[in-house]
Amino acid sequence: MKLLVTGGAGYIGSVVAARLLGAGHEVVVLDDLSTGHADAVPGGATFVRGTLREAAAEVLTGAGFDAVLHFAAKSLVGESVEKPGLYWDKNLGETLALLDAMRGAGVGRIVFSSTAATYGEPESTPILETDPTRPTNPYGASKLAIDAALTEFARLYGLGAVSLRYFNVAGALLEEGIALGERHTVETHLVPNVLKVALGEREAVQLFGDDYPTPDGTCVRDYIHVVDLAHAHLLALDACAAGAHQIFNLGSGTGYSVHEVVAVCREVTGHAIPAEMRGRRPGDPAVLVASSDRIRSALGWKPERDLHRMVADAWSFATR
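These lines cover the structure that appears in this document, whether it is placed above or below. Everything numeric in this text was worked out from a predicted model, so none of it was measured. Here the residue index of a chain counts from 1 through its sequence in written order. In keeping with the predicted nature of the model, local features appear solely for residues at pLDDT of at least 70, side-chain atom pairs appear and are counted solely at 80 or more, and the whole-chain, interface and lining totals rest on all residues. Only hydrogens and water are removed before side-chain values are computed, so all heavy atoms of the structure are retained for them.

1. Regarding unusual backbone geometry
That bond from T125 to P126 is cis: its omega, 0°, falls within 30 degrees of zero. Relative to the helices and strands, P126 is located in the loop between β5 (109-115) and α5 (138-157). The backbone phi angle of L33 is positive, close to 60°, even though this residue is not glycine. Numbered from the N terminus, helices here are DSSP runs of H or I no shorter than four residues, and strands are runs of E no shorter than two. Relative to the assigned elements, L33 resides in the loop between β2 (26-31) and β3 (46-49).

Following this line, the structure appears as C-alpha cells:
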C-alpha cells in the first residue's frame, strides 16, 4: 500500500513509519519539523516538509494513496492550557483540512493517534472505551473533537477510521541501521526525565506526590513500548472498514507507580538517580490504567515488552 504518515518525523510517527516500510509499504512522511527531526524520517520514506493546511491536498491529490496514519499534533498539556486557541487550530483545524484533502483525493482510510487524555479523570480503572470522555485540558478536548469528526466523516462519507487511545509511551526502536527514540525539546515524560539524571544532565528527578491511595503512595500510570504501539497501528490499518469509526485503548492493563519506574531506571542504568519529592500537581489522578480487552479481542493485539525493556531500550538510545 501507499501510505501517508503525518508527523512521521516525530517520536511515535517515525517508529511507525519504519515499521510500515519494513512491512513492504510505500511511505510518504509529511511533517513541518516544528517538533520533529528530519533525520528521524526512516530511510526509504519520501519526506515532504509542510503543514497539513499547506501541503496535504497537494501531496494526496492524484498520487494513489491507500490510507493515512495521522500523528501530526501539538501535544503539551501545559501549553494547551496557556494557548488553547493554538491547540484547536493545529489539532482540530489542520485535521479537518487533512480530512477534506482525503475526500478530494479519494483516500478512504485513516488511523488516528488519539490519547487517553480524552477520558480526563476516570471514575474507575481500568478505563474502557465506553467510559465517559471528560477531558480536563484543551489538548485532550481537541483530540476528542477529532474523534467526533472522524465519526461524522465515517457516517456521511463512508470513511474507514480507527482511533488508538494510548497512555504513556516509552522505549525505542533499535535495529540494524535504525535507532529511533524520544528527542523532545520540551520533555514532559517520566522515563526520559529520569534518565536525564543518569546521563548527568540533571542533578535529581522531581516527583510529585507520595500520598496517593496507591500501594506506595505515588501515581500509577500505564506504559506501552513504542514498538508494541507501532504494531497496533499496522493492525489498525488493516482493520479500517468503510463507514465505520472504531476506537481502541492501548495499554498494559496493570500500570506502574512512579517509584517503580524510578527503581527500574536505577537498575538499568546502575545510577543512584536522586529523587526530590514535591507536592501533588493539581488534577493528577491517582491511577490511570487502560483496558485493552477490545483491541485484543478484535485485532489480536497485546503488549509484548515490559517496563524493564522500555527503560533498557530508551537507555540504549540515549547512550548510543
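Now that the structure has been shown, we can carry on.
2. Considering helix α4 (residues 84-105)
Over its 22 residues, α4 extends 31 Å from the first C-alpha to the last, a length consistent with the 32 Å expected when each residue adds 1.5 Å. Y87, K90, N91, L92, G93, E94, T95, L98, L99, A101 and M102 are the residues of α4 that are buried. In what follows, a contact means two residues having at least one pair of non-hydrogen atoms within 4.5 Å. In this structure, the buried residues of α4 make contact with β1 (2-6), α2 (52-60), β4 (67-70), α3 (77-82), β5 and α5. In the segment just after α4, G106 is the residue with positive phi, at about 75°. Multiplying 1.5 Å by the helix residue count minus one yields the expected span of that helix. Burial status follows relative accessibility: with a 1.4 Å probe on protein chains alone, a residue under 20% of its type maximum counts as buried, one over 50% as exposed, and anything between as partly exposed.

3. Examining the pairing of strand β6 (residues 160-166)
With seven of seven residues buried, β6 lies mostly within the body of the structure. The two faces of β6 match: G160, V162, L164 and Y166 on one face and A161, S163 and R165 on the other face are all buried. Bridging between β5 and β6 involves seven bridges; their strand directions are parallel. Looking at the pairing, V111 lines up with V162 of β6. Seen with its strands pointing away from the viewer, a crossover is right-handed if its path from the first strand over the helix to the second goes clockwise. For the crossover from β5 across α5 to β6, the handedness is right-handed. Pairing between β6 and strand β13 (residues 245-250): six bridges, direction parallel. In the sheet register, S163 faces β13, and the bridge partner there is I247. Here, strands pair whenever DSSP counts at least two bridges between them.

4. Notes on the nonpolar core
Here, nonpolar core refers to any group of buried Ala, Val, Leu, Ile, Met, Phe, Trp, Tyr and Cys residues whose side-chain atoms link them within 4.5 Å. In this structure, I12, L20, L69, L164 and L250 are the most contacted members of the largest nonpolar core, which totals 40 residues. Among the elements of the structure, β1, α1 (11-22), β2, β4, β6, α7 (226-239) and β13 are those that each provide at least two residues to this core. At eight residues, α7 tops the list of elements feeding residues into this core. Apart from the residues lying within four places of it in its own chain, the contact partners of L20 are L3, V5, H25, V27, L69, L234 and L237.

5. Overview of the sheet that holds strand β16 (residues 287-288)
Strand order in the open sheet formed by three strands is β14-β11-β16, and the pairing between neighbours is mixed. The open sheet has two free edges, formed respectively by β14 (256-257) and β16, since each of these has just one partner strand. When strand β11 (residues 220-221) meets β16, the two strands line up parallel, connected through two bridges. Across the sheet, residue R221 finds its bridge partner in β16, namely L288.

6. Side note on the packing of helix α8 (residues 258-269) against helix α10 (residues 307-318)
Only the contacting stretch of a helix is used when fitting its axis, a line to C-alpha atoms as for every element, and angles between N-to-C directions run 0 to 180 degrees. One can describe the packing of α8 onto α10 by two numbers: an axis separation of 9 Å at closest approach and a directional angle of 55°. Considering their axes alone, α8 and α10 lie oblique with respect to each other. Considering only the axes of α8 and α10, their crossing is right-handed. Contact residues: α8 offers E260, V261, V264, C265, E267, V268 and T269, while α10 offers L307, H308, V311, A312 and W315. Basically, the charged four are Asp, Glu, Lys and Arg, the nonpolar ten are Ala, Val, Leu, Ile, Met, Phe, Trp, Tyr, Cys and Pro, and anything else, Gly included, counts as polar. Looking at the contact of α8 with α10 residue by residue, the classes come out as eight nonpolar, two polar and two charged. Every angle not falling under 35 degrees, over 145, or within 65 to 115 is termed oblique; those three ranges are roughly parallel, roughly antiparallel and roughly perpendicular. Left-handed describes a crossing whose near helix is turned anticlockwise from the far helix through less than a right angle; right-handed describes the clockwise counterpart.

7. As for the environment of A290
Secondary-structure assignment places A290 in the loop between β16 and α9 (293-299). A290 sits in the buried class, given a relative accessible area of 0%. When the C-alpha positions of A290 and L128 are compared, they lie 6.7 Å apart, and in sequence the two are 162 residues distant. Sequence-distant contacts of A290, that is, excluding residues within four places in its chain, are made with P126, I127, F167, D222, N249, L250, G251 and G253.

8. Quick notes on the packing of α4 against α5
Packed helices, taken two at a time, are described by the angle between their axes plus the distance between the axes. Orientation of α4 relative to α5, taken along the N-to-C sense of each, is 20°, at an axis distance of 9 Å. Taken together, the axis directions place α4 and α5 in an arrangement best described as roughly parallel. Here α4 runs over α5; the crossing is right-handed. In contact with P84, Y87, W88, N91, L92, T95, L96, L99, D100 and R103 of α4, α5 contributes P138, Y139, A141, S142, A145, I146, A149, L150, F153 and Y157.

9. A few points about the sheet that holds β5
Strands sit in the order β3-β2-β1-β4-β5-β6-β13 across an open sheet of seven strands; the sheet is parallel. Among the strands making up the open sheet, the edge pair consists of β3 and β13. Strand after strand, the sheet turns through a mean of 20° between neighbouring axes, direction not considered. In this sheet, β3 lies alongside β2 in parallel orientation, the contact comprising four bridges. Within β3, the residue paired with L30 across the bridge is V48. Strand contacts of α2: β1, β2, β3 and β4, with the helix running at about 160° to β2, the strand carrying the most contacts.

Nothing here speaks to function; it is all geometry.
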